[in-house]
Structures are given as structure tokens and as C-alpha cells.
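# Commentary on secondary and tertiary structure
For reference, the chains in residue letters:
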Amino acid sequence: MPSPSRRTGSWLALALLAVAVAMVVVTAPPPAEDRAQAIGSQVRCPVCQGEAIVDSPSETARNMMDLVRARIDEGLTDQQIIDELLTSYGGSLLLNPPARGATLWLWLAPLVALGVGTAMVARRFHVAPADHLPAAAAPPVSGTLSRRWIWGAAVLVLGGAVAVATVGQFQQARPEDQSLSGVAGEDFDPDSVSNETLEAVVAANADNPAINGMRLALANRYFEEGNYQQAFGHYEIVLDNQPAPNEAANAFTRLGWMVFDGNGEADLGIELIDRGLELVPNDAFAIYLKGRIIWCGQGDADTAADLFSSVLSSTGLDAEIQDRVETDLAAAAAGEDCQ
Amino acid sequence: MRWARIGALALAAGAVVLAVIFSTRFGNDPNLVPSPLLGQPAPTLALPFLDGSGPFDPSVLEGRVVVVNFFASWCVPCREEQVDLTATANAFASREVIVVEIAYQDAAENALAFLNEIGASPNAIYLADPDGRAAIAFGVFGIPETFFVATDGTVVGKALGATDALVLGSTIDAVLAGERPGQQVLGETFDGPGS
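What counts as what
For every chain, the first residue of the written sequence is number 1, and numbering continues from 1 along that sequence. Chains carry letters and ligands carry numbers; both start at the beginning, A for chains and 1 for ligands, and go up in the order they are written. Only residues with pLDDT of 70 or above have their local features reported here, since the model is predicted, and side-chain atom pairs are shown and tallied only from 80 upward, although totals for entire chains, interfaces and linings are computed over all residues. Put simply, DSSP H or I for four residues or longer makes a helix, DSSP E for two residues or longer makes a strand, and each gets a number counted from the N terminus. Contacts here follow a simple rule: the backbone-placed C-beta atoms of the two residues must lie within 7 Å. Here a residue counts as buried when 20 or more other C-beta atoms fall within 10 Å of its C-beta, as exposed when 12 or fewer do, and as partly exposed in between; the C-beta atoms come from the backbone. In this description, strands pair whenever DSSP reports at least two bridges between them. By this rule, a helix spans an expected 1.5 Å times one less than how many residues it contains. Each axis is a line fitted through C-alpha atoms, taken for helices only over the stretch in contact, and angles between the N-to-C directions span 0 to 180 degrees. Note on convention: near helix rotated counterclockwise from far helix by under a right angle means a left-handed crossing. Clockwise means right-handed. Residue type decides the class: Asp, Glu, Lys and Arg count as charged, Ala, Val, Leu, Ile, Met, Phe, Trp, Tyr, Cys and Pro as nonpolar, and the leftover types, Gly among them, as polar. For this quantity, the arc is that covered by the directions from the helix axis to the C-beta atoms. A residue's pLDDT is the predictor's confidence in that residue, given on a scale from 0 to 100.

Helix and strand counts for chain B stand at five helices and six strands. Helices and strands appear in chain B in the N-to-C order α-β-α-β-α-β-α-β-β-α-β. In chain B, the proportion of contacts linking residues at least 24 apart, taken out of those at least 6 apart, comes to 81%.

The next subject is the overall build of chain A. The secondary structure content of chain A amounts to 14 helices and zero strands. N-terminal to C-terminal, the α/β element order of chain A is α-α-α-α-α-α-α-α-α-α-α-α-α-α. Residues counted as buried form 27% of the 339 residues belonging to chain A. Intrachain contacts of chain A at a sequence separation of at least 6 include 42% that bridge at least 24 residues.

Position of W149 of chain A relative to the elements: it lies in helix α6 (residues 141-170). In sequence terms W149 of chain A and R124 of chain A are 25 residues apart; their C-alpha atoms lie 9.6 Å from each other.

All names here are of chain B. Counting buried positions along strand β5 (residues 155-160) gives six out of six residues, so the element sits mostly inside the fold. With five bridges joining them, strand β4 (residues 145-149) and β5 adopt antiparallel strand pairing. Looking at β5, one finds that F148 is bridged to G157. Joining the antiparallel neighbours β4 and β5 is a turn of five residues, in which G153 adopts a positive phi near 85°. Bridging between β5 and strand β6 (residues 182-185) involves four bridges; their strand directions are parallel. Pairing of L160 across the sheet is with V185, part of β6.

Attention now goes to helix α4 (residues 78-89) of chain A. Three or four residues apart is the spacing at which side chains of an α-helix point the same way, because the helix has 3.6 residues per turn. All names here are of chain A. Relative to the 16 Å expected for 12 residues at 1.5 Å per residue, α4 spans 17 Å between its end C-alpha atoms, a close match to the ideal helical length. Elements that come into contact with the buried residues of α4 comprise α2 (32-40) and α3 (59-73). One or two steps after α4, the chain reaches G90, where phi turns positive at roughly 90°.

Residue and element names in this part refer to chain B. Burial runs high along β4: five of the five residues are buried. By the alternation rule, side chains of β4 split into E145, F147 and V149 and T146 and F148, which are all buried. Bridge count between strand β1 (residues 65-71) and β4: five bridges; the pairing is antiparallel. Across the sheet, residue F70 finds its bridge partner in β4, namely E145.

All right, on to the packing of helix α2 (residues 76-91) of chain B against helix α5 (residues 165-176) of chain B then. Residue and element names in this part refer to chain B. One way to put it is that α2 packs onto α5 with a least axis distance of 9 Å and a crossing angle of 35°. Classified by chirality, the crossing of α5 by α2 is right-handed. Contact residues: D84, L85, A87 and T88 in α2; A165, L168 and G169 in α5. Considered class by class, the residues forming the contact of α2 with α5 number four nonpolar, two polar and one charged.

The topology assignment puts L67 of chain A in helix α3. Its 20 C-beta neighbours within 10 Å are what place L67 of chain A among the buried residues. Considering only alpha carbons, one finds L67 of chain A and A36 of chain A, 31 residues apart in sequence, at a separation of 9.5 Å. Contact partners of L67 of chain A, with chain neighbours within four places excluded, come to R133 and I136 of chain B.

All right, on to the sheet that holds β5 of chain B then. Residue and element names in this part refer to chain B. Ordered by their spatial adjacency, six strands build an open sheet running β3-β2-β1-β4-β5-β6, and the pairing between neighbours is mixed. Looking along the sheet, the strands with just one partner apiece sit at the ends: β3 (125-128) and β6. Across the sheet, the axes of successive neighbouring strands diverge by a mean angle of 15°, strand direction being ignored. Sheet topology places strand β2 (residues 97-103) next to β3; four bridges connect them, and they run parallel. Bridged to I102 within β3 is L127. Together, β1, β2, β4 and β5 form the strand contacts of α5, whose direction differs from that of β1 by roughly 145°.

Residue and element names in this part refer to chain B. When the terminal C-alpha atoms of α5 are compared, their 16 Å separation across 12 residues agrees well with the 16 Å that a helix rising 1.5 Å per residue should span. Those residues of α5 not exposed but buried are V167, L168, T171, I172 and V175. Viewed end-on, α5 has its buried residues packed into an arc of 120°, placing them on one side of the element. Exposed and facing more than 90 degrees away from the buried side of α5 are L166 and S170. Next to the buried residues of α5 lie β1, α2, β2, β4 and β5. Of the residues one or two after α5, G178 is the one with positive phi, at around 90°.

Quick look at the confidence of the model for chain A now. Residue and element names in this part refer to chain A. With 84% of its residues at a pLDDT of 70 or more, chain A shows a mean pLDDT of 81. Of all secondary-structure elements in chain A, the lowest mean pLDDT belongs to α6, at 75, while α3 reaches the highest, 93. Across residues 175-187, where pLDDT falls below 50, the model places 38 contacts with residues more than four positions away in sequence or in other chains.

A word on the confidence of the model for chain B. For chain B, per-residue confidence averages 88 on the pLDDT scale, and residues scoring 70 or more make up 92% of the total. Interface predicted TM-score (ipTM) for the complex: 0.80; the corresponding pTM is 0.55.

Geometrically, the link from I143 of chain B to P144 of chain B is a cis peptide bond, its omega value of 0° lying close to zero. Mapped onto the elements of the fold, P144 of chain B is located in the loop between α4 (133-137) and β4. Despite not being glycine, N282 of chain A has its phi angle at roughly 70°, a positive value. Counting through the fold element by element, N282 of chain A comes out in the loop between α11 (266-279) and α12 (284-298). With phi around 60°, E96 of chain B is a residue other than glycine that occupies positive phi space. Along the chain, the position of E96 of chain B falls in the loop between α2 and β2.

In C-alpha cells form, the structure reads like this:
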């Protein structure tokens, strides 16, 4: 059995060890990944809308995070790493503008406004008591106060009105043909690109899943034109090319309609559309096309009418589709043959 | 209470000024902020060749006017300008001008297929940027983006959107004449495949 002194000694050693570990934990610099995350949360992803590179899944943001990690490994300080990014992208890359230089007023303005407001409120409650004034000179306090408030309110309302009226004058439309993607990506009108150009772009990226969206847009264009032969091939490639669920559903739905409409294969058409509906349930357009096949291909007007009703109960339906479904529903419910 | 009234007036005036600033600035594309690289030394292009034939030696570019273009096979406007970039690389080869095209977020085989299809110049240099370092160093927002580097290695021009032979030729002429053309916006750019 260990003597009491030896036991005390081992307790002491243990305590010292615990203190040493605690000191290492407390005083050690934050792990590299924590630093990378902290830097990444300050830097705006240049191809996103107000998103930090640490949060963005875009390739540009991922590359920038990799660069941040590499620079941390090379021993650079946080400020040196941020400065490197600012050298190429400029100050607008920071999510929080620096509290110096031209952006200092962004930080000071709220404080100034708060100060002015506080001063105004303080003065409002610091009116000299009426009994300090000669009785004859004492104004009706409540009267001057309310007049002052009316003045203040009038000035604010007037200022607001001028601001609202002026804003419209200065708003500029993005110049045509001069917009940039990144932030302006949604301004890009794919309709302005010819089928031939889209064909060339997707052909150059035959096995790139990132191009699926563009290929689907092209295929849908052919589908709308009734050019099933061209559309068919593109939908097949999308399905072979690691499609996202919504992309696969889009392709299955239209393939299903085409095998029915083009080849008269109702069962296969329904099977394909059902595969799309497994991926994106309640897709109104898919349910509508399925209803059309059941009605026109299998002659089952009742089931079709049920499907059309369920389509009409979904929200956000395209006006044109809604018209078509309503017409078809009326006809199917009356037991008519499909047109 | 004169001060209170003056304070209220100042606040209202400030609100109007802010409204005007915001309304005029928000119409602008933030990406149109002039590149901070203009007037600065161009980043070094220590990159591998696109065809996998090894590392490129950036000292080849010293003392020459360099046109640095970022492109990708998924980029629609890049198709429009590729022919003109090739023609420019050939036309200016005798005047110590080098066109460097860097594939941006694109698989090497796709970028090579793009060049094989539309055409490439024996006088131009085609590089890969596998981890996007060159694109970050140049502050690329979306492609196509083209930078013009003077003989002293300073970035003196930047074009956003598809260039053409006229823009490329006149800008290179200006750089050769010692001018600093600055930034010009020519059209649409794309920030990634599928955009």
C-alpha cells in the first residue's frame, strides 16, 4: 500500500499535469481551421450575393478558402491573408467595410444620429420650469412644445417625401448588353442564345454534369417546339450525367410524354413520368401530362379528371397551363374523349 | 428651440443625401468597381500548360505586352471572342505581344476540346489554373475577363465581357504607345458552369 506522502505526490503530479494541459489549451493559438473559418466569414464570395466564402458552395469560394488554408499553413497572419485577397478584388470584398477611410462614416453615422436624437429628446424634457420666468413672459409650455413637434414632424415628412420623389429620378436601369454575371447572372436572357450556340456549348462539355441545366433548357426548347427527336437525345444524356433530382424529374416527365405522344406508348410514358414524380412529388406539369396519357392513351376519363383536379389545387401554376388543365378537366369530367 | 429644429433639418437632409447615394449606387453592378490591379504589378503566372506538357516559365513574358484572358468551354461569350483572340495573337506576334489564355474552372480536356473546335494560335500560350489561384490573383468575378499588361509588368487595362479584334487591337496599340486604357465593359460574363 502506498504511503500517504507518495499518494500526495502522485495527486500533486496529476494536478500539475492538469494545469499544464489547461495552459496549453488556453494559450495555444486557435487551430488553423478555426482561423480559416474566421477569415472566410469576413470575405465576400465575389460570385455570390452577400455570402461569405466560408458559406458558399461555389467553386470560386472553395478555391478562395483553399488559398486561405494554404496561406495559414505558410505562416501568414490573418491580416496578410486578407490583404492578399483585397489586392486583387478591392475593399468591396469585405463583408464589413473597414472603420477607416471612406467607409468610416458608415460606422459613425448611426452614432451621430443617435447622439443628435438623444440631444433632441434631452432638450425636450429640459424645458425651463415656467415659474422661473416672469409670470407675464411665461409662454404656455404645452403650446410651444406641440408646435415644435409639429414642425419637426413636418420637416421629417417633407424630407421623406423629397427622398421618395428623388429616388426614382436617380435609379438607373442596368445598361443593355453591359451587364455582368456573378451578381447579374439572373439578368442573362438564355433566349438570346441561339439553339446552335447552345448545341456547341453542350457538345464541348458532353460529360460535365454542371452543364445539365443548360442542356435541359435546350432540350425543353426542342420539346416545346415539338422537335422530339432532338429533345430525346439531350434528355437521355442528362439522365446519364449524374443529374440532380429535379433535373432527372424534368427529363423523365418529358421523355414520358414524348414516348406517348410520338410513339403511342401509353404504359411506358406513365412509367417514366412516375419515375419523375418519385423524385419530385406533386410536380403539377408531370401530373397533368400523366393525366393526359391516362385520358388520351388509356381512355380513362375519370382518373384523368381526378389528376387534373389535383393539379388545379396546387399553387403557383403557370396561367397558360392552368387554362389548358381547366379545359381538359371540364371535358374529361363530362366523359368526353380527349382532344 | 432652434437647435432641435436645426437637428431635425440636418437629419432630414442626411436622409435625403443617403437616399440619393443609395439609389444611384444600387443601379450599378458592384463588379464594375475598377479592378484594384490597374496600375499594379501583374500577378506571376506560375501555372502548368493546359495540355499537360509541364510548367510554364513566366519569365518568357518579361518585357512584352501581355494579354491575359480567362475563358472556359462552358462560357457562351468566350466562344464569340475566341476567334478574335486567335487572330490577335497571330497579328501581334511580330510586335512582342503575347496572348495568354487561362482556363477558368474547366476540365483541361473540355478546354482543349473547345480550343480544338474553335481554333487556337501557335503564338498564344494556353495555361491551366487547377486550383483557381491565378483567377483569384487577378480578381476574376466572371468570365470572359481580359487583362492588358504593359512591358514593365504593370496591369494597365481590363475588359469585361467578350472582346473582339477591334477592341483587342486598339487596346494593344494604346498599351504599346505607353497609354493606360483602364477598364472597359463590353458585355456579359459568366461566373460558373450552368450560370
